[in-house]
There are 4 protein chains.
Amino acid sequence: MTDLLWPGDERAGDLFSDAAVLAAMVRVEDAWLQALVTHGLAGTGGDLTKLVDAGDAAQIAADAESGGNPVIPLLGLLRERDPAAAPWIHTGLTSQDTLDTALALCLRDAVERLRADLATQIDALARLAGEHRATPMAGRTLTQHAVPITFGFKVAGWLESVLDARDALDVPIAARFGGAAGTLAAPAALAGSGPGALDLAAGSGPGALDLAATAAASLGLPHRARPAPFTRLADAFAGCTDAWGRIANDVLLGSRPEIGELAEARGGGSSAMPQKRNPVLSVLIRRAALAAPPLAATVHAAAAARVDERPDGAWHVEWATLRTLARRTVAAGSQTADLLTGLRVHADRMAATLAAARPGIDAEQRKIAGNTAEPYLGASDAIIDAALDRARGARP
Amino acid sequence: MTDLLWPGDERAGDLFSDAAVLAAMVRVEDAWLQALVTHGLAGTGGDLTKLVDAGDAAQIAADAESGGNPVIPLLGLLRERDPAAAPWIHTGLTSQDTLDTALALCLRDAVERLRADLATQIDALARLAGEHRATPMAGRTLTQHAVPITFGFKVAGWLESVLDARDALDVPIAARFGGAAGTLAAPAALAGSGPGALDLAAGSGPGALDLAATAAASLGLPHRARPAPFTRLADAFAGCTDAWGRIANDVLLGSRPEIGELAEARGGGSSAMPQKRNPVLSVLIRRAALAAPPLAATVHAAAAARVDERPDGAWHVEWATLRTLARRTVAAGSQTADLLTGLRVHADRMAATLAAARPGIDAEQRKIAGNTAEPYLGASDAIIDAALDRARGARP
Amino acid sequence: MTDLLWPGDERAGDLFSDAAVLAAMVRVEDAWLQALVTHGLAGTGGDLTKLVDAGDAAQIAADAESGGNPVIPLLGLLRERDPAAAPWIHTGLTSQDTLDTALALCLRDAVERLRADLATQIDALARLAGEHRATPMAGRTLTQHAVPITFGFKVAGWLESVLDARDALDVPIAARFGGAAGTLAAPAALAGSGPGALDLAAGSGPGALDLAATAAASLGLPHRARPAPFTRLADAFAGCTDAWGRIANDVLLGSRPEIGELAEARGGGSSAMPQKRNPVLSVLIRRAALAAPPLAATVHAAAAARVDERPDGAWHVEWATLRTLARRTVAAGSQTADLLTGLRVHADRMAATLAAARPGIDAEQRKIAGNTAEPYLGASDAIIDAALDRARGARP
Amino acid sequence: MTDLLWPGDERAGDLFSDAAVLAAMVRVEDAWLQALVTHGLAGTGGDLTKLVDAGDAAQIAADAESGGNPVIPLLGLLRERDPAAAPWIHTGLTSQDTLDTALALCLRDAVERLRADLATQIDALARLAGEHRATPMAGRTLTQHAVPITFGFKVAGWLESVLDARDALDVPIAARFGGAAGTLAAPAALAGSGPGALDLAAGSGPGALDLAATAAASLGLPHRARPAPFTRLADAFAGCTDAWGRIANDVLLGSRPEIGELAEARGGGSSAMPQKRNPVLSVLIRRAALAAPPLAATVHAAAAARVDERPDGAWHVEWATLRTLARRTVAAGSQTADLLTGLRVHADRMAATLAAARPGIDAEQRKIAGNTAEPYLGASDAIIDAALDRARGARP
């Protein structure tokens with residue numbers, strides 16, 4: 001998967017690619033089929049995951065429009081390639097079961113990727129905060145010099161943002177098996193027609209819920225009978241890019257030649273100007289942060305437009321939006337990890353800026369504390385320590 | 001506070017009005033002043049909350065532009081009206097401390113209002129789900145008749161959405177006292193200049209943090225030294241309107257004369273057509289659901305645009321955006337509570353629609369279960385029970 | 001009208017205030033009534049504009065929820081206060097006629113305000129571009145020094161953006177009189193019941209269209225029978241704040257003490273730091289530019305959600321969104337005019353930055369042109385001249 | 001190019017695919033090289049368009065991150081494959097010249113595609129409006145029956161929306177050749193180093209502007225030295241999906257079995273329910289209409305975030321956003337053309353609904369006109385005629 005117009009996209013690898021989505025859909029169908037077999041409701045169930053590969057994606061995509069989703073042509077292919085299992089494939093499910101659960105699998109992968117890169121970022125930030133705990137620099141508010149801070153204190157603020165983003169990723173992800181309208185009616189009814197039988201006595205629900213739970217568990221997911229929108233995950237992705245965008249903005253500013261306090265490990269070149277060393281990672285991270293909020297808003301707009309037992313477009317708009325948002329967030333997470341592990345800190349320039357900002361930058365100190373020679377850093381150390389403790393899991 | 005162009009806005013009452021925001025800012029200044037007194041750092045601290053009232057809002061608003069925020073003119077007023085306390089008022093704080101903490105107070109009020117209306121909604125939904133557990137109707141997907149469901153099952157889906165929205169409101173809200181750049185430098189330094197003294201020996205931070213915690217505690221909030229964006233709360237508000245928008249959409253559809261399965265307790269009139277009974281609450285709720293996602297996206301965009309120790313515009317855009325989002329969410333929550341407690345359910349029309357949808361709507365049942373006379377409702381009861389249990393707090 | 005949380009809002013004055021919207025609605029009703037009289041269809045029509053004033057807004061707002069819009073309670077008031085005209089007031093109209101046309105009036109006022117401030121901006125920019133045509137400075141791309149430019153060249157770029165924004169404001173604004181479903185059925189039918197008579201022979205439409213055109217013309221607007229969404233105007237407003245946001249970003253950067261090339265005429269103070277001179281106007285303009293795109297997107301989302309002859313929420317969400325967007329754009333336009341007329345340019349700092357950027361910043365020149373001593377400004381003069389010509393209307 | 005998660009995407013064909021973008025970038029480089037040759041500034045210039053093909057896209061995409069855009073690796077490839085032309089390739093340009101002009105070419109293709117589908121839609125709508133000028137149906141407002149209309153009148157409203165969308169597409173699209181900072185400094189300077197010579201006497205600009213105009217003209221575009229954001233085009237795309245979304249919403253409603261007044265030519269099947277005939281095209285069009293406004297808002301947010309002579313992320317976020325928006329708009333335009341040309345109108349169901357809505361739906365008529373037997377359609381015919389005239393170009 002390549003994207004010429006989103007440099008760095010290849011960092012997301014195969015995540016949520018057409019091939020990955022297709023594989024996830026087949027895994028879902030296979031999990032269901034095996035659950036039917038396990039519960040004695042299907043006569044046979046070969047391994048569906050061998051039947052389809054990335055080479056089938058183009059045809060399935062082309063055929064998806066007529067039914068409005070890619071599950072319908074996929075089922076045709078699966079049944080054609082395993083005629084013995086054909087009567088049982090997808091029996092009791094609806095397209096939304098397959099697609100939403102496949103999205104859940106891809107989203108889980110995205111979250112795992114994000115957690116790994118967040119951990120790298122947190123380590124780098126904790127190291128920087130510790131190393132530069134006493135590196136003085138000018139604090140800035142509304143673009144102007146405010147009061148002295150240390151770079152470690154600034155980094156601890158980045159770290160808090162990243163920790164907030166990490167915590168917000170704790171969103172439940174579930175498989176969804178509900179059948180046509182979410183009632184699990186067809187799975188429940190299978191008891192009367194299958195080769196084996198669920199105990200479908202009075203109420204009959206629990207049996208069908210067991211079946212669904214079996215299928216979900218084989219995918220490593222809890223089960224939910226009815227679809228829930230993926231808004232919280234979309235919000236959490238945007239929360240990540242918010243935190244990284246903030247860092248990128250500070251690095252971009254610090255990389256300006258007039259400031260020169262920060263630099264990326266390796267600057268990017270230019271097609272016209274041989275001398276340029278552009279802070280490319282920060283530029284691309286900032287780009288992702290500009291794009292994410294409207295994508296998350298789209299997932300909300302879809303949730304707000306739900307109607308009926310399956311909505312007429314509000315469901316369909318989620319798929320590609322989540323894919324785009326997830327890939328870009330994962331790519332930006334990887335870029336931010338690289339940015340932070342390689343960040344160069346020019347303490348001399350920080351000191352020079354601070355010196356040049358004097359005496360103005362000490363005006364508050366003089367007002368409050370008089371002309372004390374004490375470093376005016378307040379609770380910086382305690383605040384840095386709290387962030388470091390939180391990074392280590394020692395505080396909530 | 002009135003809003004001619006947002007009918008129902010008065011349901012939000014004084015929440016987040018200019019008067020309420022002003023009062024909250026004064027409460028914050030007062031809490032800080034009393035904390036200074038408590039810790040022996042201020043000589044005197046009268047009750048600031050008596051000094052300013054709603055009548056001052058217009059002048060403060062007019063004077064806010066020159067410094068870019070309303071705290072600066074407010075401080076002028078407070079100091080003028082209590083000359084004795086003037087030297088201590090706001091000492092050690094910065095505008096963002098006051099404004100962000102005032103926003104936190106208003107947001108906490110909004111959340112409390114929302115929780116109350118959510119509880120009413122949950123009760124009404126639980127009742128409806130129970131009463132109509134066995135009221136058959138046509139399930140619909142992509143606008144077409146799908147399979148039979150019961151209205152209780154549909155309501156249980158609404159209930160799950162509302163419970164999700166309620167759970168997502170569990171977002172920490174904190175006071176923010178950090179001083180000019182978040183280091184608590186000025187409060188820490190006060191020890192040397194105040195009438196009493198903090199123990200500011202080595203590190204000195206904990207003392208200042210204690211002071212901040214005292215002020216925060218008097219407002220009933222935990223303390224955080226540096227500002228965090230309000231994105232999670234904005235997301236949670238949009239999550240509420242998503243859930244209510246979904247319900248409104250279903251009621252709007254059910255209220256169409258050709259369907260007639262649902263009706264609001266009291267229809268709205270028309271300026272032209274005497275016969276009209278418009279589903280006004282649902283219309284207005286749907287309106288709020290259309291507007292919320294872009295507002296939440298604005299809060300994210302602001303978070304992503306942060307730079308420096310206080311950003312140049314990204315902070316400022318949060319204030320009015322949060323106000324608008326909070327008021328509208330509260331108004332929509334109240335409207336949804338009314339909608340649900342008064343909802344009229346026409347089981348006869350549901351039955352008639354289902355009958356007319358036969359035999360088509362039974363096609364899946366016939367395919368799976370043959371021509372069984374059994375009601376084809378699968379695990380509906382168990383799914384309803386799970387939602388009801390969750391509403392009662394009996395399940396997570 | 002005050003807005004404590006949007007400093008500078010008072011620059012928009014009474015534009016789109018509840019009082020202004022109310023007055024506009026009454027003007028629309030009055031225009032219609034007088035048109036009925038003119039065409040001999042109403043027996044009497046006193047001046048409705050005297051009957052209601054700003055003091056009625058709160059009650060009308062409170063009563064607006066029951067019918068979903070403020071027109072219905074307004075009509076009750078008008079009929080009560082002019083019993084003689086009561087039978088004719090609003091006859092033939094529907095709420096959307098009144099409200100959409102009132103919005104059109106307010107939007108026209110907003111556009112007029114914007115045009116005036118854009119003209120001031122264009123004058124200021126043209127002057128700056130001319131004065132600084134030969135003021136050398138460092139051009140910057142991706143935060144890094146690129147090649148030398150002049151400040152006049154940079155300003156000409158701002159000017160082109162502002163001219164683009166001005167041109168995009170050329171959007172037709174129309175009155176909307178269509179009756180209940182846009183067919184003008186009631187006005188056409190009035191011929192049979194009114195004291196006079198329209199020529200309603202076969203087709204009858206032209207007579208009713210004449211009536212509508214009369215009413216529209218008295219408001220200075222063309223007529224359109226069916227509502228069109230205000231998306232193009234919303235886009236044009238966002239186009240304005242885009243252009244101003246770009247300028248504000250450059251001023252904010254240029255105002256940083258490390259750069260110091262630009263300054264606002266009057267810096268804003270701080271609640272904590274006596275030395276601060278914050279670039280407040282730029283901060284507040286940038287804020288408006290962050291907020292506008294999601295508001296314009298809301299107007300689009302509403303347009304996309306239309307259904308039926310009047311939609312169930314998509315219409316209602318436009319009103320307050322347009323108000324907020326219009327007021328903020330007008331306020332930002334005024335702030336930008338002030339910013340530009342007062343902008344201070346530090347040519348010495350520009351020269352110093354450029355000198356310090358050498359020889360790196362000349363790398364492209366050396367590559368292309370060798371070590372020529374010629375100023376490396378290419379077609380700057382011609383590009384500046386083109387912008388100045390366009391500002392003077394001498395080029396399209 | 002396939003997109004498993006956006007069914008119907010293949011309707012956009014190769015538009016804006018990586019291959020198409022790559023080809024467009026090479027066309028731009030070639031146009032520039034040929035212009036250099038034409039003006040005697042380059043010694044040789046073979047046909048660059050033969051040197052690179054779609055097979056190179058993946059490598060260029062992978063290499064794009066290090067410099068932040070795909071132009072830099074593309075240039076490496078071109079120079080490697082045509083060593084003779086290497087010294088002249090891209091000389092005087094910057095990456096943004098190449099990429100923005102390539103985007104302009106792709107956007108022009110998109111607009112051409114849209115115009116063709118809009119013409120088809122307009123023909124279909126004009127035909128439907130004419131055929132159903134007298135087909136009575138219930139007008140609906142706020143979901144309820146309002147007054148009688150005809151289906152032709154309703155269609156004329158759709159037509160007006162589509163005509164508005166078509167008119168809004170009239171946005172200038174320009175090539176952009178400005179060099180590193182937009183001054184055309186390098187092209188101007190080439191006069192001293194090239195094998196031939198521009199007339200670079202005093203001012204020198206016009207010569208460089210001639211060169212740029214030559215290159216632009218060979219691409220069929222006007223020239224603009226500095227980049228302008230693509231906001232107006234993005235707005236126009238969203239304007240298209242707004243108009244189509246409105247139509248889709250009405251078709252979705254009319255396709256509900258309880259209403260049954262409209263149907264797509266060919267319903268979509270279901271993976272679970274054999275009887276289903278889903279209005280798939282309308283579902284997918286509605287989906288596109290939900291997604292477009294936030295994408296257009298992203299382009300505005302980028303425009304508002306501009307800073308310097310080339311911004312640090314705000315430029316980069318435009319590329320993929322425009323691609324996605326353009327492809328989806330083109331696909332939705334094609335789907336809407338199919339929807340409208342195949343739309344089935346059930347006049348009998350319309351008549352039945354109207355009959356069932358009586359006498360309520362005649363309440364306004366009775367109030368205004370008494371119990372006249374006249375059809376209550378007002379100026380419908382004139383309004384339809386105006387739309388048809390506009391469609392034929394007979395009215396503005």
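Thresholds, definitions, all that
- Residues numbered from 1 in each chain as written.
- Chains lettered and ligands numbered in written order.
- Predicted model: local features only at pLDDT ≥ 70, side-chain atom pairs only at ≥ 80, totals over all residues.
- Heavy atoms only, no water.
- Helix = DSSP H or I, 4+ residues; strand = E, 2+ residues; numbered from the N terminus.
- Contact = heavy atoms within 4.5 Å.
- Areas by Shrake-Rupley, 256 points an atom, 1.4 Å probe, with all protein chains shown as cover.
- Lys, Arg positive; Asp, Glu negative; His and termini not counted.
- Charge placed at Lys NZ, Arg CZ, Asp CG, Glu CD.
- Buried area = accessible area lost by both parts, 1.4 Å probe.
- Salt bridge = Lys/Arg side-chain N within 4 Å of Asp/Glu carboxyl O.
- Polar contact = N/O pair within 3.5 Å; in protein donor to acceptor, adjacent residues only side chain to side chain.
- 1 Å grid on protein atoms, 1.4 Å probe; cavity = no way out; pocket = protein on both sides within 12 Å on 5 of 7 lines; lining within 4 Å.
- Points joined across faces, edges and corners; volume = space filled by probe spheres on them.
- Nonpolar A, V, L, I, M, F, W, Y, C, P; charged D, E, K, R; others polar.
- Least-squares fit on C-alpha atoms with pLDDT ≥ 70 in both.
- Buried < 20%, exposed > 50% of the residue type's maximum accessible area, 1.4 Å probe, protein only.
- Axes fitted to C-alpha atoms, helices over the stretch in contact; angles between N-to-C directions.
- Parallel < 35°, antiparallel > 145°, perpendicular 65-115°, else oblique.
- Pairing = 2+ DSSP bridges.
- Phe/Tyr/Trp six-rings, centres within 6.5 Å; stacked < 30°, edge-to-face > 60°.
- Lys NZ or Arg CZ within 6 Å of the ring centre and 35° of its normal.
- Arc of directions from axis to C-beta.
- Left-handed = near helix turned anticlockwise from the far one by under 90°.

Enquirer: Hey, could you run me through the overall build of chain A in this one?
Expert: The helix and strand tally for chain A stands at 13 helices and 6 strands. Counting only C-alpha atoms and orienting by the principal axes, one finds that chain A spans roughly 90 × 50 × 35 Å. Look at the contacts in chain A between residues 6 or more apart in sequence, and 78% of them connect residues 24 or more apart. For chain A, the computed accessible surface area is about 11300 Å², with 53% contributed by carbon and sulfur atoms. Across chain A, the mean location of the 37 positive side-chain charges is 7 Å away from that of the 45 negative side-chain charges.

Enquirer: Just checking my understanding: could you explain the interface of chain B and chain A for this structure?
Expert: One widely used convention gives an interface's size as the accessible area the parts lose upon coming together. Chain B puts 77 residues into the contact, and the matching count from chain A is 76 residues. Carbon and sulfur atoms supply 58% of the area that chain B and chain A bury against each other, a total of about 6000 Å² over both sides. When residues of chain B are sorted by the area they lose upon contact with chain A, B:Arg226, B:Asp308 and B:Ile368 head the list and together hold 11% of the total. Where chain B touches chain A, the interface holds 4 salt bridges. One salt bridge in this structure joins A:Arg224 and B:Asp164, with 2.8 Å as the shortest N-O distance. Between the two partners, chain B and chain A, sit 26 residue pairs in polar contact (both at pLDDT 80 or more).

Enquirer: Sorry, what's going on with empty space enclosed by the protein here?
Expert: Empty space among the atoms can be located by rolling a probe the size of a water molecule over them. Estimated volume of the largest cavity: approximately 640 Å³. Among the elements of the structure, helix H9 (280-304) of chain A, helix H9 (280-304) of chain B, helix H9 (280-304) of chain C together with helix H8 (231-255) and helix H9 (280-304) of chain D are those that each provide at least two residues to the lining of the largest cavity. Taken together, the residues of the lining of the largest cavity sort by class into 32 nonpolar, 5 polar and 4 charged.

Enquirer: Where do I start with the interface of chain B and chain C in this structure?
Expert: Contact residues are listed per partner, giving 67 residues for chain B and 68 residues for chain C. Interface area for chain B against chain C, summed over the two sides, is near 5300 Å², with a carbon-plus-sulfur share of 62%. Area buried by chain B at its contact with chain C is led by B:Leu4, B:Leu5 and B:Glu65, which between them contribute 17% of it. Among the ionic pairs, B:Asp3 bridges to C:Arg323, the shortest N-O distance being 2.7 Å. Across the contact surface, chain B and chain C share 18 residue pairs in polar contact (both at pLDDT 80 or more). Of all the secondary structure elements, the ones that give two or more residues to the side of chain B that touches chain C are helix H1 (18-38), helix H2 (57-67), helix H3 (71-81), helix H4 (95-131), H9 and helix H10 (316-342) of chain B. For the side of chain B that touches chain C, the leading source of residues is H9(B), giving 10 residues. Of the residues in the side of chain B that touches chain C, the class split is 36 nonpolar, 17 polar and 14 charged.

Enquirer: Sorry, what's going on with the relation of the copies chain B and chain C here?
Expert: One copy of the chain maps onto the second through a rotation around an axis plus a translation along that axis. Structural alignment of chain B on chain C gives an RMSD of 0.0 Å, achieved by rotating through 180° and translating 0.0 Å along the axis. In the structure described here, the two chain copies are related by an operation that fits a two-fold rotation axis. If distances are taken from each C-alpha of chain B to the rotation axis, the shortest is found for B:Pro294, at 2.5 Å.

Enquirer: It is not clear to me how unusual backbone geometry should be interpreted in this structure. Could you clarify?
Expert: A negative phi angle characterises most non-glycine residues, just as the trans form characterises most peptide bonds. Cis geometry is found at the peptide bond from B:Arg358 to B:Pro359, where omega equals 5°. Tracing the backbone through its elements, the reader meets B:Pro359 in the loop between helix H11 (347-357) and helix H12 (363-369). At A:Leu142, a position not held by glycine, the phi torsion is positive, near 50°. Within the secondary structure, A:Leu142 sits in the loop between strand S1 (136-141) and strand S2 (144-150).

Enquirer: How should the side chain of C:Asn69 be read in this particular structure?
Expert: Take C:Asn69: it is sitting in the loop between helix H2 (57-67) and helix H3 (71-81). Among the residues examined, C:Asn69 registers a relative accessible area of 5% and is labelled buried. Within the local environment of C:Asn69, its side chain forms a polar contact with the side chain of C:Ser95, the two groups lying 3.3 Å apart. Setting aside residues up to four positions removed in sequence, C:Asn69 forms contacts with B:Pro7, C:Ala64, C:Ser95, C:Leu99, C:Trp315 and C:Trp319.

Enquirer: Looking at this model, I keep getting lost on the packing of H9(A) against helix H2 (residues 57-67) of chain D. Mind explaining?
Expert: Axis separation between H9(A) and H2(D) bottoms out at 7 Å; the angle between their running directions is 110°. One way to sum up the angle between H9(A) and H2(D) is to call them roughly perpendicular. Note on element contacts: H2(D) touches H9(A) through D:Glu65, D:Ser66 and D:Gly67, opposite A:Val280, A:Leu281 and A:Leu284. A per-class count over the contact of H9(A) with H2(D) returns 3 nonpolar, 2 polar and 1 charged.

Enquirer: Would you mind showing me how to read the pairing of S2(A) here?
Expert: For a regular strand, side chains alternate in direction, first toward one face of the sheet and then toward the other. Residues and elements named next belong to chain A. A large share of S2 lies buried, amounting to 7 of its 7 residues. As judged from the 5 bridges shared by S1 and S2, these two strands associate in the antiparallel manner. Within S2, the position partnered with alanine 138 by the bridge is proline 148. Hairpin connection, S1 to S2: the antiparallel pair is bridged by 2 residues, and leucine 142 has positive phi, about 50°.

Enquirer: Before we go on, may I ask you to explain the packing of aromatic side chains in this structure?
Expert: Aromatic rings considered in pairs are described by the distance between their centres and by the relative angle of their planes. Following the criterion strictly, the structure yields 12 aromatic pairs over all chains and no others. Between the NZ or CZ atom of A:Arg328 and the centre of the ring of A:Trp6, over which it lies, the distance is 3.7 Å.

Enquirer: Even after reading the chapter, I still don't get the relation of the copies chain B and chain A, so can you show me in this structure?
Expert: Each copy of the sequence occupies a distinct position, and chain B is placed on chain A by a rotation of 180° and an axial shift of 0.0 Å, giving an RMSD of 0.0 Å. Mapped onto chain A, 99% of the interface residues of chain B are again interface residues, and the two copies thus contact each other with one and the same surface.

Enquirer: Any chance you could explain the environment of A:Ala181 here in plain terms?
Expert: Residues and elements named next belong to chain A. Relative to the helices and strands, alanine 181 is located in the loop between strand S3 (175-176) and helix H6 (185-190). Classification of alanine 181 by relative accessible area gives buried; the value is 3%. Considering only alpha carbons, one finds alanine 181 and arginine 226, 45 residues apart in sequence, at a separation of 8.3 Å.

Enquirer: For this particular structure, what's the right way to read the pattern of salt bridges?
Expert: Pairing is possible between side chains of opposite charge, provided their charged atoms come close. Within the structure shown, the criterion is met by 96 salt bridges over all chains. Here A:Asp250 makes a salt bridge to A:Lys154, at a shortest N to O gap of 3.5 Å. Highlighted residues: A:Asp250 in helix H8 (residues 231-255) and A:Lys154 in helix H5 (residues 151-168), separated in sequence by 96 residues. Of the two residues examined, A:Asp250 and A:Lys154, each falls in the buried class. Each of A:Glu160, A:Asp164, A:Arg166, A:Asp167, A:Arg390 and B:Arg224 takes part in salt bridges that share partners, so that together they form one network.

Enquirer: When you look at H2(D) in this model, what are you seeing that I'm missing?
Expert: Residues three or four positions apart in an α-helix share a direction because the helix packs 3.6 residues into each turn. All names here are of chain D. Taken as a whole, H2 has its buried residues at Ala57, Ile60, Ala61, Ala64, Glu65 and Gly67. Down the axis of H2, the smallest arc covering the buried residues is 165°, so these residues share one side. Just downstream of H2, glycine 68 is the residue with a positive phi angle, here 90°.

Enquirer: What is the right way to look at the side chain of C:Glu264 in this model?
Expert: Residues and elements named next belong to chain C. With respect to the helices, strands and loops of the structure, glutamate 264 is situated in the loop between strand S5 (262-263) and H9. No salt bridge is formed by the buried glutamate 264; the nearest opposite charge belongs to arginine 266, separated by 7.6 Å. Polar side-chain contacts of glutamate 264 include one of 3.3 Å to the backbone nitrogen of valine 280. From its side chain, glutamate 264 meets the backbone nitrogen of leucine 281 in a polar contact 3.0 Å long. When residues no more than four places from it in sequence are discounted, the contact partners of glutamate 264 are Val251, Pro279, Val280, Leu281, Ser282, Leu339, Gly342 and Arg344.

Enquirer: Where do I start with the environment of A:Leu99 in this structure?
Expert: If you trace the backbone, A:Leu99 turns up in helix H4 (residues 95-131). Given the relative accessible area of 0%, A:Leu99 is considered buried. A:Leu99 sits 75 residues away from A:Ala24 along the chain, and the two C-alpha atoms are 8.6 Å apart. Excluding residues within four positions of it along the chain, A:Leu99 makes contact with A:Met25, A:Asn69, A:Pro70, A:Val71, A:Trp315, A:Trp319 and D:Leu5.

Enquirer: Explanation requested: the packing of helix H8 (residues 231-255) of chain C against H9(C) in the structure shown.
Expert: Each pair of packed helices can be summarised by the angle the axes make with each other and by the distance between the axes. Residue and element names in this part refer to chain C. Where H8 meets H9, the axes come as close as 8 Å, and the angle between the chain directions of the two elements is 155°. Judged by the inter-axis angle, H8 sits roughly antiparallel to H9. Taken as a pair, H8 and H9 cross one another with a handedness that is left-handed. From H8, Thr231, Ala234, Asp235, Ala238, Thr241, Asp242, Trp244, Gly245, Ala248, Asn249, Val251 and Leu252 reach across to H9, where they touch Ser282, Val283, Ile285, Arg286, Ala288, Ala289, Ala292, Pro293, Ala296, Val299, His300 and Ala303. The residue inventory of the contact of H8 with H9, partitioned by class, reads 15 nonpolar, 6 polar and 3 charged.

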